[in-house]
Amino acid sequence: MHQPAINIALKAARAAARELIRMLNRNDALSVVEKERNDFVSAADHAAEKAIIFEIQKAYPDHAILAEESGHTGPEQAETVWIVDPLDGTRNYIQGLPHFSVSIAVRVKGVLEHGLVYDPMREELFTASRGKGAYLNDHRIRVSNRTVLTGAVLATGFPFRVREVLDDYLAMFRSVFEEAGDVRRAGSAALDLAYVAAGRVDGFWELGLKPWDMAAGA
């Protein structure tokens, strides 16, 4: 049985997914802006975020929302804040690569209490509530039992937003890659973290993430 906040997050995520699917593979008509070097936002991001905010505000008008594109909305001192990434994996999306997600988290008094990561292409719904475990499409999931790097399959993300740390990142990558079994870079931090929760990969690291990139996954 989902927590009430998860039910609203799911309704919002599905509304966002409808916008994303509707606009997918329409690159000729999809407006894309480079916010900063190699960091893009599309009309699909904005449409999906608008759909999410509408559903949250309809259910919880007194809550605040921290969203990637529109920033903070709602009461400044609200105890409950929804942290939203309407399209995690924008570069994949605009390239037509079918690996992206909708990420919604709920933070209460500074503590993350609920998280939802939805992959609309695979119809995979990852959810978690503090103290209630984590689930994929209502089936309980668990992290892998691997405790060492030897043989581990790890996920990572390149520091495309903060390229000044590239040398540090490459040193980390070399150190990890020499010990681990293999490393994957798929392009959606929210899904990478969900895959850790499901035991599909043994761990994940990335530099330069924002709160909306990782709140639900964490």
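Right, let's walk through the structure included here. As the structure is a prediction and not an experimental result, all values here were calculated from the model.

Rules and cut-offs
- Residues numbered from 1 in each chain as written.
- Predicted model: local features only at pLDDT ≥ 70, side-chain atom pairs only at ≥ 80, totals over all residues.
- Heavy atoms only, no water.
- Helix = DSSP H or I, 4+ residues; strand = E, 2+ residues; numbered from the N terminus.
- Polar contact = N/O pair within 3.5 Å; in protein donor to acceptor, adjacent residues only side chain to side chain.
- Contact = heavy atoms within 4.5 Å.
- Core = buried A, V, L, I, M, F, W, Y, C linked by side-chain atoms within 4.5 Å.
- Buried < 20%, exposed > 50% of the residue type's maximum accessible area, 1.4 Å probe, protein only.
- Pairing = 2+ DSSP bridges.
- Axes fitted to C-alpha atoms, helices over the stretch in contact; angles between N-to-C directions.

**So, the side chain of His99**
Piece 1. Within the secondary structure, His99 sits in the loop between helix 3 (90–95) and strand 6 (101–108).
Piece 2. Here Arg122 takes part through its side chain, which lies 3.4 Å from a polar atom of the side chain of His99.
Piece 3. Look past the residues within four positions of His99 in its chain and what remains in contact with it is Gly89, Asn92, Arg122, Ala186, Ser188, Leu191 and Tyr195.

**Details of the side chain of Glu55**
Piece 1. Among the secondary structure elements, Glu55 is positioned in helix 2 (residues 43–59).
Piece 2. Not counting residues up to four positions away in its chain, the partners in contact with Glu55 are Ile8, Lys11, Ala12 and Ala15.

**Things to note about the nonpolar core**
Piece 1. Formed by 30 residues in total, the largest nonpolar core has its most connected members in Leu20, Ile52, Trp82, Tyr93, Val102 and Ile104.
Piece 2. Taken together, the elements giving at least two residues each to this core come down to helix 1 (4–23), helix 2, strand 3 (64–67), strand 5 (80–88), helix 3, strand 6 and strand 7 (111–119).
Piece 3. With 10 residues, helix 1 is the single largest residue contributor to this core.
Piece 4. Discounting residues that sit within four places of it in the chain, Val102 has contacts with Ala13, Ala16, Leu20, Ile52, Asp85, Pro86, Leu116, Val117 and Tyr118.
Piece 5. In this structure, Ala105, Leu191, Tyr195 and Ala215 belong to the second largest nonpolar core, which totals 21 residues.

**Section: the sheet that holds strand 5**
Piece 1. If you trace the 8 strands from one edge of the open sheet to the other, you get 4-3-5-6-7-8-9-10, paired in mixed fashion. The sheet terminates laterally at strand 4 (71–73) and strand 10 (139–141), the two strands that pair on one side only. If you compare each strand with its neighbour and ignore which way they point, the axes differ by 20 degrees on average.
Piece 2. When strand 9 (residues 133–136) meets strand 10, the two strands line up antiparallel, connected through 3 bridges. Paired with Leu136 across the two strands is His139, which belongs to strand 10.

**Overview of the environment of Gly96**
Piece 1. Looking at where Gly96 falls in the secondary structure, it is placed in the loop between helix 3 and strand 6.
Piece 2. It is 14 Å that separates the C-alpha atoms of Gly96 and Ser188, two residues lying 92 residues apart in sequence.

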